[in-house]
Amino acid sequence: MLSIVIPIYNEEGLINDLVDRTVAALEKFTTDYEIIFVDDGSRDKSLKNLLLHQDKNSKIKVLALSGNFGHQAAFTAGLEYSTGDLVGMMDGDLQDPPELFEEMYRKIIEEGYDIISGKRSGRKGKNSRNLYTFLFHLLFRNVTAIQNMENTGNFSLMRREAVDALLTMKEKIRYLPGLRAFIGFKQGYVDYIRDERFDGDPKMDLSKLFRLAADAIFAFSRFPIRLCLYMGMFGTIVFMFAGLYVIIAKIAGFAIIGWSSTMLSIYFLGSIQLISIGIVGEYVYRIYKESQNRPLYFVKKFHDGKLVK
Ligand code: UDP
Ligand code: MG
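Scope of this entry: the structure provided in the associated data block. (Residues numbered from 1 in each chain as written. Chains lettered and ligands numbered in written order. Predicted model: local features only at pLDDT ≥ 70, side-chain atom pairs only at ≥ 80, totals over all residues. Heavy atoms only, no water.)

### Structural notes on the site of ligand 1
Taken together, 19 residues lie near ligand 1, and E11, D40, D93, R129 and K203 sit nearest. In this structure, D93 approaches ligand 1 through a side-chain N or O atom, which is 2.5 Å from an oxygen atom. Notes on ligand 1: free accessible area 530 Å², of which the protein chains cover 94%. Of the residues assigned to the shell around ligand 1, the class counts are five nonpolar, five polar and nine charged. (Near = heavy atom within 4 Å. Polar contact = N/O pair within 3.5 Å; in protein donor to acceptor, adjacent residues only side chain to side chain. Areas by Shrake-Rupley, 256 points an atom, 1.4 Å probe, with all protein chains shown as cover. Nonpolar A, V, L, I, M, F, W, Y, C, P; charged D, E, K, R; others polar.)

In structure tokens form, the structure reads like this:
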């Protein structure tokens, strides 16, 4: 069986097209499937729309979360409730074409892959988000040991073994594309052009997007804490020479008690220290979040078609 997990947050305008396109795409190559829509606490008619579709098609299941926990948590919830031997993840805004699941499926069945991720060979539309994504992947590639994650997102299809491996990682602050690249297995890719959003505004606003990028970097790299060390080393070297100069100037008797140099060193050292404290603070925050050990999400109701609504 094939399970497809799709997180939904305030997407009422595109639910109908999303359901129709996904169902049509899957039924081209299998009848044994389930689509798990995870409603991440939508405030519009998304949940109602989804339940209407479920009434008509029992292969559609709706996992209603009790609030908005973010799309990484929503994906995780869907993966945990999925029962398929193959499990796919796809955004709910039709930026990832569901028609591609057929190719992913064939690659896994016929070529023996465990995980196939969609690799974005390009993007339609021009906006600043594409630039941010490009910069993020550039940084991520250079500061982490994770290989081959570049230009992949959540869009993927995995064998059950890989999904189970993914779900053994219980960290609260999570970046699934990174974790998926981290677990090993035989990984393959299919190239695609990422569409523009079908309807509505992005539900990951810029602050959510930047937080996700920071979570990814902090989780897979020690670059941030190293940065403190590098800045400290740089400062030390600069001030060794500056110190030498001061001593020589004193001995040689041409020391001028300078205002500018004093001010500059205060600013320079002060900012290095503040940045370092900020970075250490990010780690403390992350340790705190993990140690709280709160559940990633709460479920209001799992509409799996079996229970009376
Ligand atoms: N989403 C979600 N919870 C959130 C934000 C987004 O479940 O808090 C869903 C959203 O409905 C969409 C998917 O996650 O199906 C990706 O969101 P979006 O398109 O805004 O992200 P982007 O394409 O910018 O990464
Ligand atoms: Mg999107």
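That shown, we press on.
### Concerning the environment of S82
Locating S82 in the fold gives a position in the loop between α3 (71-81) and β4 (86-89). Sequence spacing of S82 and Y9 is 73 residues, and the spatial spacing of their C-alpha atoms is 19 Å. Leave out the neighbours within four places in its chain, and S82 touches S3, E34, I36, V87 and R160. A polar atom in the side chain of S82 sits 2.7 Å from the backbone oxygen of L79. (Helix = DSSP H or I, 4+ residues; strand = E, 2+ residues; numbered from the N terminus. Contact = heavy atoms within 4.5 Å.)

### Comments concerning the side chain of Q187
Mapped onto the secondary structure, Q187 falls in strand β7 (residues 187-194). Among the polar contacts made by the side chain of Q187, one reaches the main-chain carbonyl oxygen of R180 at a distance of 2.8 Å. A distance of 2.7 Å separates the side chain of Q187 from the backbone oxygen of G184, its partner in a polar contact.

### Notes on helix α8 (residues 206-220)
Between its terminal C-alpha atoms α8 stretches 21 Å, which fits the 21 Å expected from 15 residues at 1.5 Å a residue. Listed in full, the buried residues belonging to α8 are L212, A213, D215, A216, I217, F218 and F220. (Expected span 1.5 Å × (residues − 1). Buried < 20%, exposed > 50% of the residue type's maximum accessible area, 1.4 Å probe, protein only.)

### Observations concerning the pattern of salt bridges
One pass over the full model with this rule turns up 14 salt bridges. Between D114 and R159 there is a salt bridge, with the nearest N and O atoms lying 3.2 Å from each other. Of the two residues, D114 sits in the loop between α4 (101-111) and β5 (115-123) while R159 sits in strand β6 (residues 152-159), which places them 45 residues apart along the sequence. Note on R159: relative accessible area 23%, which makes it partly exposed. The salt bridge involving D215 is made with R286; its shortest N-O contact spans 2.7 Å. With D215 in helix α8 and R286 in helix α10 (residues 259-292), this pair connects stretches of sequence that are 71 residues apart. (Salt bridge = Lys/Arg side-chain N within 4 Å of Asp/Glu carboxyl O.)

### Some points on the coordination of the magnesium ion (ligand 2)
Around the magnesium ion (ligand 2), the donor atoms from the protein are D93 (OD) and Q95 (OE1), and they sit 1.9 Å away. Judged on exposure class, the residue D93 and its partner Q95 are both buried. (Donors = N, O, S within 2.8 Å, 3.2 Å for Na, K, Ca; no water.)

### Remarks on the environment of A181
Here A181 shows up in helix α7 (residues 176-182). In this structure, the C-alpha to C-alpha distance between A181 and T152, residues 29 residues apart in sequence, is 9.6 Å. Ignoring sequence-local partners within four residues, the contact set of A181 consists of I146, Q147, M149 and Q187.

### Concerning the packing of helix α5 (residues 128-143) against α8
To describe two helices that pack against each other, one gives the angle between their axes and the distance between the axes. Orientation of α5 relative to α8, taken along the N-to-C sense of each, is 10 degrees, at an axis distance of 10 Å. As the angle between them shows, α5 and α8 are arranged roughly parallel. Facing R129, Y132, F136, L139, F140 and V143 of α5, the residues of α8 in contact are L206, L209, F210, A213, A216, I217 and F220. Grouping the constituent residues of the contact of α5 with α8 by class yields 12 nonpolar, no polar and one charged. (Axes fitted to C-alpha atoms, helices over the stretch in contact; angles between N-to-C directions. Parallel < 35°, antiparallel > 145°, perpendicular 65-115°, else oblique.)

### Re the sheet that holds strand β3 (residues 60-65)
Spatial ordering of the open sheet is given by β7-β5-β6-β4-β1-β2-β3-β8, a layout of eight strands whose pairing is mixed. If you trace the sheet from one side to the other, it starts and ends with β7 and β8 (299-303), each paired once. Shown here is a sheet whose adjacent strand axes are inclined to one another by a mean of 20 degrees, direction ignored. Relative to β6, β5 runs antiparallel, the two sharing four bridges. Each bridged residue has a counterpart across the sheet, and for S117 the counterpart in β6 is S156. Along the sheet face, helix α1 (residues 15-27) touches β1 (2-8), β2 (33-39) and β3 and points at about 155 degrees away from the line of β2. (Pairing = 2+ DSSP bridges.)

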